[in-house]
Amino acid sequence: MKSKIFRTLALPISVLSLAISSAAMASEMVEIDGFKIDKYEVTNAEYQKFLDWVTDNGDASVRHSSQPENKDHTPRYWKSFVPKVLKNNGMAKLQHFDDETFKQPNQPVVGVDWYSAYAYAKWAGKRLPTEAEWELAAAGPDKNIWPWGNEFAFDKVNSGGYEHKGERDGHIYLADVNSYPEGVSHYGIFNMAGNAWELVDMADGNAVIRGGGSSSYPSGVSTQSRKVYEPTFKSFNIGFRCAKDL
Ligand SMILES: [Ca+2]
Ligand SMILES: [Ca+2]
């Protein structure tokens, strides 16, 4: 698998030390130092390189101290499976999926838990973004409801959508990470709304995901969108991107 996508975007100097409110911290204001954040969600092609490295070297130097023993970092949906649970729910009526659906090289890697995202980021010389960083990168200085602004548009995001059950934006499941260029944030960052939910820094021992995914309603792909899970939780809707200190 090959990826030619340029990865990291340096945020402009004007955002340094900008105070924003974070959903994680209610109405508290937080100071953000300068940072870099990936322009795209981490792809399957990139994640494959990490897995290859782990195969050769083990993960001892990159794993989190609370990672469970004998952790397998292979994404759940890279393995053959039959989606037995999809017999009669809405997803089954939309489109069959199998082990190829979530393995395309420039799609975001999904089916990884917080520990694997943490290890990948460390391996890449980066880290997961804090929630405040993620939110600033998504909402921009004007605190937009969606990364591009305050008016929803189906052609700007891979959401679930109300109409046509998700097909209105062209993708029922995942789109390539450089899709929806009209929906970039103020800083030019792709798919902070929708496509894959994004794991960010852990909060109180829990994994936090932001931004909504390919099956979220328009209101669920806002820049405030947030869910909390146990750090070993995996889903076909959850991936991540990385950040880095300047
Ligand atoms: Ca969609
Ligand atoms: Ca996303």
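For clarity, every value in this text was computed on a predicted model and none was experimentally measured.

Check the secondary structure of the chain and you find four helices and nine strands. Looking at the chain residue by residue over its 246 residues, the buried ones come to 45%. A fraction of 73% describes how many contacts in the chain between residues 6 or more apart in sequence connect residues 24 or more apart.

Our focus in this paragraph is the environment of Asn106. Within the secondary structure, Asn106 sits in the loop between helix H2 (90-94) and helix H3 (114-123). Between the C-alpha atoms of Asn106 and Glu41, which are 65 residues apart in sequence, the distance is 9.4 Å.

It is worth spelling out the nonpolar core at this point. With 55 residues, the main nonpolar core has Val110, Ala117, Tyr120, Leu128 and Leu199 as its most contacted residues. The set of elements that each furnish at least two residues to this core consists of strand S4 (35-38), helix H1 (44-57), H3, helix H4 (131-139), strand S5 (197-203), strand S6 (206-210) and strand S8 (238-240). Among the elements that line this core, the one with the most residues is H3, at eight residues. Excluding anything up to four places from it in sequence, Ala117 contacts Val112, Leu128, Leu199 and Phe240.

Further remarks concern unusual backbone geometry. Although it is not a glycine, Asn70 adopts a positive phi angle of roughly 55°. Mapped onto the fold, Asn70 is located in the loop between H1 and H2. At Asn191, a position not held by glycine, the phi torsion is positive, near 55°. We classify Asn191 as buried; it has 34 C-beta atoms within 10 Å.

It is worth spelling out the sheet that holds strand S7 (residues 226-229) at this point. One open sheet accounts for four strands, arranged S7-S6-S5-S8; its pairing is mixed. The sheet is open, and its two borders are formed by S7 and S8, each paired with just one other strand. With strand direction ignored, the average angle separating the axes of adjacent strands in the sheet is 45°. Relative to S8, S5 runs parallel, the two sharing three bridges. Bridge pairing in S8 links Trp197 to Ile238. Docked against the sheet, H4 engages S5 and S6, running at close to 145° with respect to S5.

A word on the pairing of S5. On a regular strand, each side chain points to the face opposite its neighbour's, so the side chains alternate between the two faces of the sheet. Of the pairings in the sheet, the one linking S5 to S6 comprises four bridges and is antiparallel in character. From the neighbouring strand, Leu199 faces S6, where its bridge partner is Ile209. The hairpin turn running from S5 into S6, its antiparallel successor, is two residues long, and Asp204 in that turn takes a positive phi close to 50°.

Take H3 next. Burial analysis of H3 places nine of its 10 residues in the buried class, which makes it a mostly covered element. Among the residues of H3, those classed as buried are Trp114, Tyr115, Ser116, Ala117, Tyr118, Ala119, Tyr120, Ala121 and Trp123. Those residues of H3 that are buried lie in contact with H1, S5, S6 and S8. A positive phi of about 75° marks Gly125, the residue just after H3.

This brings us to the confidence of the model for the chain. Interpretation of the predicted coordinates at a detailed level should be avoided for regions scoring low in pLDDT. When pLDDT is averaged across the chain, the result is 83; 77% of the residues are at 70 or more. Mean pLDDT values over the elements of the chain span from 34, in strand S2 (residues 19-21), up to 98, in H3. Note that residues 1-7 has pLDDT below 50 and, in this model, 19 contacts with residues that lie over four places away or in other chains. Ignoring residues within four places in sequence, the model shows residues 12-31, a span with pLDDT below 50, making 34 contacts including any to other chains.

Another aspect to go through is H4. Most of H4 is tucked away, with eight of its nine residues classed as buried. Taken together, the buried positions of H4 are occupied by Ala132, Glu133, Trp134, Glu135, Leu136, Ala137, Ala138 and Ala139.

Cut-offs applied
- Residues numbered from 1 in each chain as written.
- Chains lettered and ligands numbered in written order.
- Predicted model: local features only at pLDDT ≥ 70, side-chain atom pairs only at ≥ 80, totals over all residues.
- Helix = DSSP H or I, 4+ residues; strand = E, 2+ residues; numbered from the N terminus.
- Buried ≥ 20, exposed ≤ 12 C-beta atoms within 10 Å, placed from the backbone.
- Contact = placed C-beta atoms within 7 Å.
- Core = buried A, V, L, I, M, F, W, Y, C linked by C-beta atoms within 7 Å.
- Pairing = 2+ DSSP bridges.
- Axes fitted to C-alpha atoms, helices over the stretch in contact; angles between N-to-C directions.
- pLDDT = per-residue confidence, 0-100.

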